[in-house]
Amino acid sequence: MANPTWMWLVLALVIAQASCFLSDVRPAVIGADGLDFTQVNYVQNELGLAGQGMRIAILDDGVDWRRSANWGRCSTLASPSSSSSSSSCRVVASYNPFSETGDTVVLGSRDAHGTHVAGIAAGSFPYKLMDANNTPFDYQRGVAYNAFIGDYKVIPGFYANTATYEAVRTAISNCITRATQDGMDVLNLSYTQYSLNPSPEDAAALAAATKAGVLAAAAAGNDGPQAGLFGTAYPSWDAGVLSVAMLGNTMTMGALLSLSSSIASGPNGMKTSQLAAVQRADTMRSLCYPRCNALGLPLRLAYGRFSSTCYDVEMITGNPRAAALLIEVPASCGVFQPTSDWYTMLQIYDLRPRLVLFYLPAYQDDAYLGSANYEINNASVPAFWLASSDGTALAAALAAAADAGAAANATLRLTGIVNVGLPAAQGVVMQPSLMSSRGPGLNLQVKPDIAAPGFMLYSSTPANNYQTLSGTSMAAPYISGVLALWKQSRHGYFTPKEGWPAAAAAAIKNTAKPVPYSQPGIISSLMWPPAFVGAGTVQAAAAITNCVSISPPELLLQSGLPIQNVVVTLTNNCLKRRGAELVLSHKPAFALDIVGDWSRRSYDPGNPGAVPTAAVTFSKSDVTLDVGQSQTFEVTFSVPRALQAGPYIYSGYITLNPRLYDLKAGSVPLSMTSFAYSSKFSACGAFFDGSYTPVGSNGTTAQLQIGRQYRFKLVLVAPVAAADAAAGQQQGGQLRVDIRGVLEVTE
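Residues numbered from 1 in each chain as written. Predicted model: local features only at pLDDT ≥ 70, side-chain atom pairs only at ≥ 80, totals over all residues. Heavy atoms only, no water.

Looking only at helices and strands, one finds 16 helices and 33 strands in the protein. Buried positions account for 59% of the 747 residues belonging to the protein. Taking contacts inside the protein between residues at least 6 apart in sequence as the whole, the part at least 24 apart equals 78%. On the protein, roughly 28000 Å² of surface is accessible, and the fraction owed to carbon and sulfur atoms is 52%. (Helix = DSSP H or I, 4+ residues; strand = E, 2+ residues; numbered from the N terminus. Buried < 20%, exposed > 50% of the residue type's maximum accessible area, 1.4 Å probe, protein only. Contact = heavy atoms within 4.5 Å. Areas by Shrake-Rupley, 256 points an atom, 1.4 Å probe, with all protein chains shown as cover.)

Here it is as structure tokens:
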């Protein structure tokens, strides 16, 4: 049984839901798909930024920097006074509060999460996947691939059974404080704490880091439908942290596996000699192919399955030793449980295969394989996850050959591997994962803040291994890398008067691209709301080149008002003589039903526009700004009666599009989120064992039986008057009380 003293600390690694493929983008290993997606590749290639001199702290389960070459060849730490990335080692700090020596021991891939996260933020990827022509695929490098990293262990991992309660309780605050003292520029927080209130020590450490000018990005969490609205976990809802939602990548690194003879695959039984692998976990044996044949292809094929217990491996046919071993994962086990269990995997290693092929016959949507976490032991056995139809077909062919005799079974072999970029499954591309946790934050701010790719990103795991993993844990380091690029571009500037964290948040959020709602068979002009994607998809180059500021940077409107006006100020801060002419418009997001969310239906996926949106008008249609000039305009929000009638969150984006787009010159689209509650009080209600009972403010009216226990959730949302808001602010706030627990009814 896991040590209960650290079970509250959860790695944000989860299944991603999948989305539409755009044919005009190239294979993306990390997700830097150029101008079509995040603009990171443009920043690296055109602006010449790679994070040089910046320091990114990875607060996680440890980074395997001694055995992995992803941050240079490191036997010891680089000098803390290093000011450039010319050093052969880019790891400048390492701290483990669970060890007397401070050594962040990482064994196998048992503690692989932090190594994968660090690769996305700042990996150089010295070992690259090659295509059939022996040419490296694009984007095989981290976002800020020349940045320094600091390794801070906040999750016990290997030390879980020996860590003291006091060490676990104080690890996070100690690591944040240590990283701040070490001069880190960015904190990456790919962990979540599911607590309504953070510990005072953690909150104080983050506040001190923010005051010191340290930037921070945190995983929003992976509990979308389960947690519902107000579901972003701490520390991502901290005011000084950018909370990161997960978007589907455009493509993922997979493979086409060649067989010595054709088999029947698919519903029509068509013959094929190639199988599609939709996810992969590579060791040096598979990474070097086709440059070398360390796998020893062609390989015999053997077939086994996990038993109903999900922990025992049963061989069905063939000798697995030195073979390609096909393993069936029963639907009852799910993809994550057996393949991420250390001791279960030891059974497979004891069979001595050269390669493992997993498949789930009962899963039709292969996007679910995004959650697989393969335990690579001793850097020895790589693995591929086959598409469901192909895995089923290969299993049937091997079983049939076994029935026909050993000679027939020996004729079917795995003869070749071609590394390919595979399009993400329908319904994923550039769309938010439904598992990404949703806002607003419990501190009533708009959360998450920003969205980035996190679905099946290919990055490093311990001992120079590489693997595809998914989750907001993978999206957060993407933003941490962008923050490092942004701050590098400001190197030598004076500290912004609002401070580095506030300046970075405004730069990242006001240049983000709102995410259009797009699902198969659904046509809609609406956007995904900020409660799902924050300001939208990060636009790294625009955040760096833009020099027009917006005040306030987002509109937190008063609740319950049918009409309200907000004044916005634009300022042209460009140093060169360049005017800005921006056209104003509004992109509404679909409304969210707070009460409906308690029964996991905050909106209708098939008809997101069922509830009307607020009408928005402007006092002027465009704004022209000379260098150094400020202009104001007024925005009027009108809430229709149908929207006023229910407990809805209505939101959207005020967009400011340049008449002449010039990314390098900083003439880029801008946007700001708007967010409000439609009525002064939402309905108050109780949620008992899946049955919602609306009630008045005087108490509940649920029918409860004596002697039974009921899980419950009681929620109240009430307004805070604008007059009670901080002086000088036009926006009011909201107060939310959310009580969950188990109620035992007695006489």
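So, about the confidence of the model for the protein. Taken as a whole, the protein shows an average pLDDT of 81; of its residues, 77% reach a score of 70 or greater. Considering each helix and strand of the protein separately, the mean pLDDT is smallest for strand S1 (residues 9-11), with a value of 36, and largest for strand S5 (residues 186-189), with 98. Below pLDDT 50 for its whole length, residues 710-743 participates in 98 contacts with residues either more than four positions away or in separate chains. (pLDDT = per-residue confidence, 0-100.)

Note on terminology: a disulfide is the covalent bond linking the sulfur atoms of two cysteines. Inspection of the entire model under this criterion finds 3 disulfides. One disulfide bridge connects Cys-288 with Cys-292, the sulfur atoms lying 1.6 Å from each other. Taking the sign of the S-S torsion, about -70° here, the bridge from Cys-288 to Cys-292 comes out left-handed. Judged by its relative accessible area of 31%, Cys-292 falls in the partly exposed class. (Disulfide = S-S within 2.5 Å.)

If you trace the 4 strands from one edge of the open sheet to the other, you get S20-S22-S27-S25, paired in antiparallel fashion. The open sheet has two free edges, formed respectively by strand S20 (548-551) and strand S25 (615-618), since each of these has just one partner strand. Geometrically, the sheet is characterised by an average inter-axis angle of 25° between neighbouring strands, direction not taken into account. By the bridge criterion, 4 bridges tie S25 to strand S27 (residues 630-638) in an arrangement that is antiparallel. Residue pairing in the sheet places Val-616 in a bridge with Phe-637 of S27. (Pairing = 2+ DSSP bridges. Axes fitted to C-alpha atoms, helices over the stretch in contact; angles between N-to-C directions.)

Pairing between the strands of a sheet comes from backbone hydrogen bonds, and it takes one of two forms, parallel or antiparallel. Across the sheet, 7 strands lie side by side as S3-S4-S2-S5-S7-S8-S17; this open sheet has parallel pairing. The sheet is open, and its two edges are formed by strand S3 (91-95) and strand S17 (450-453), each paired on a single side. Pairwise comparison of adjacent strand axes, ignoring direction, gives a mean angle of 25° for this sheet. As judged from the 3 bridges shared by strand S7 (residues 215-219) and strand S8 (residues 242-247), these two strands associate in the parallel manner. Following the sheet pairing, Ala-217 is matched in S8 by Leu-242. Packing of helix H2 (residues 113-122) onto the sheet brings it into contact with strand S2 (55-60), strand S4 (148-153) and S5, and relative to S2 it is tilted by some 160°. Sheet strands in contact with helix H11 (residues 472-489) are S2, S5, S7, S8 and S17, and its direction is about 165° off that of S7.

A rise of 1.5 Å per residue sets the reference length of helix H4 (residues 200-211), with its 12 residues, at 16 Å; its end C-alpha atoms lie 16 Å apart and thus fit the reference within 8%. Taken as a whole, H4 has its buried residues at Asp-202, Ala-205, Leu-206 and Ala-209. In an axial view of H4, the angular spread of the buried residues amounts to 95°, which keeps them on one side of the axis. Seen from the open side of H4, the exposed residues pointing more than 90 degrees away from its buried face are Pro-200 and Lys-211. (Expected span 1.5 Å × (residues − 1). Arc of directions from axis to C-beta.)

Within the largest apolar cluster, 114 residues are counted, with the highest numbers of intra-cluster contacts made by Leu-59 and Leu-187. The leading source of residues in this core is H11, at 10 residues. What Leu-187 contacts, discounting residues up to four positions off in sequence, is Ala-57, Leu-59, Ile-176, Ala-179, Leu-206, Ala-209, Val-214, Leu-215, Ala-216, Ala-217 and Ser-480. Leu-229, Ala-245, Ala-531 and Tyr-603 belong to the second-largest nonpolar core, a separate cluster that totals 28 residues. (Core = buried A, V, L, I, M, F, W, Y, C linked by side-chain atoms within 4.5 Å.)

A few words now on the packing of aromatic side chains. Tallied over the entire structure, the rule returns 17 aromatic pairs. Relative to Trp-500, the ring of Trp-486 lies with its centre 5.8 Å away and its plane at 85°, an arrangement referred to as edge-to-face. Placement of Trp-486 in helix H11 and of Trp-500 in helix H12 (residues 500-509) is noted, with a sequence separation of 14 residues between them. Residue Trp-486 is classed as buried on the basis of its relative accessible area of 3%. For Trp-500, a relative accessible area of 11% gives the class buried. Aromatic ring contacts, followed pair by pair, group Tyr-517, Trp-528, Phe-532, Phe-590 and Tyr-603 into a single cluster. (Phe/Tyr/Trp six-rings, centres within 6.5 Å; stacked < 30°, edge-to-face > 60°.)

This paragraph deals with the pairing of strand S11 (residues 299-306). The side chains of a regular strand alternate between the sheet's two faces. For S11, the tally of buried residues reaches 6 of 8 residues, placing the bulk of the element in the interior. Relative to strand S16 (residues 413-423), S11 is paired through 2 bridges, and the arrangement is antiparallel. Its bridge partner being in S16, Arg-300 is matched across the sheet by Arg-413. Here S11 pairs with strand S13 (residues 324-328) via 5 bridges, running parallel. Note on S13: the bridge partner recorded for Gly-304 is Ile-327. Both S11 and strand S12 (residues 313-317) contribute to a ladder of 4 bridges, which runs antiparallel. Residue pairing across strands places Tyr-303 opposite Thr-317, the latter belonging to S12. Where S11 folds back onto S12 in an antiparallel hairpin, the turn is made up of 6 residues, including Cys-310, whose phi is positive at roughly 75°.

Turning our attention to the packing of H2 against H11. One can describe the packing of H2 onto H11 by two numbers: an axis separation of 7 Å at closest approach and a directional angle of 35°. H11 is crossed by H2, and the crossing has right-handed handedness. Side by side, H2 and H11 meet where His-113, His-116, Val-117, Ile-120 and Ala-121 of the first sit next to Ser-473, Met-474, Pro-477, Tyr-478 and Gly-481 of the second. Classifying every residue of the contact of H2 with H11 by side-chain character gives 6 nonpolar, 4 polar and no charged. (Left-handed = near helix turned anticlockwise from the far one by under 90°. Nonpolar A, V, L, I, M, F, W, Y, C, P; charged D, E, K, R; others polar.)

The final tally for this structure, using the stated rule, is 10 salt bridges. The shortest N-O distance in the salt bridge between Asp-449 and Lys-447 comes to 2.7 Å. We classify Lys-447 as buried; its relative accessible area is 1%. For the salt bridge of Arg-601 with Asp-604, the shortest nitrogen-to-oxygen distance reads 3.3 Å. (Salt bridge = Lys/Arg side-chain N within 4 Å of Asp/Glu carboxyl O.)

Moving on: the environment of Ser-308. Its place among the elements puts Ser-308 in the loop between S11 and S12. Taking C-alpha positions, Ser-308 is 9.3 Å from Val-329, a pair spaced 21 residues apart along the chain.

The element H12 is extensively covered by neighbouring structure, given that 8 of its 10 residues are classed as buried. Along H12, the residues classified as buried are Trp-500, Pro-501, Ala-503, Ala-504, Ala-505, Ala-507, Ile-508 and Lys-509.

Taken together, the 9 bridges between strand S9 (residues 251-265) and S16 define a ladder with antiparallel strand orientation. What sits directly across from Gly-254, in S16, is Val-420.

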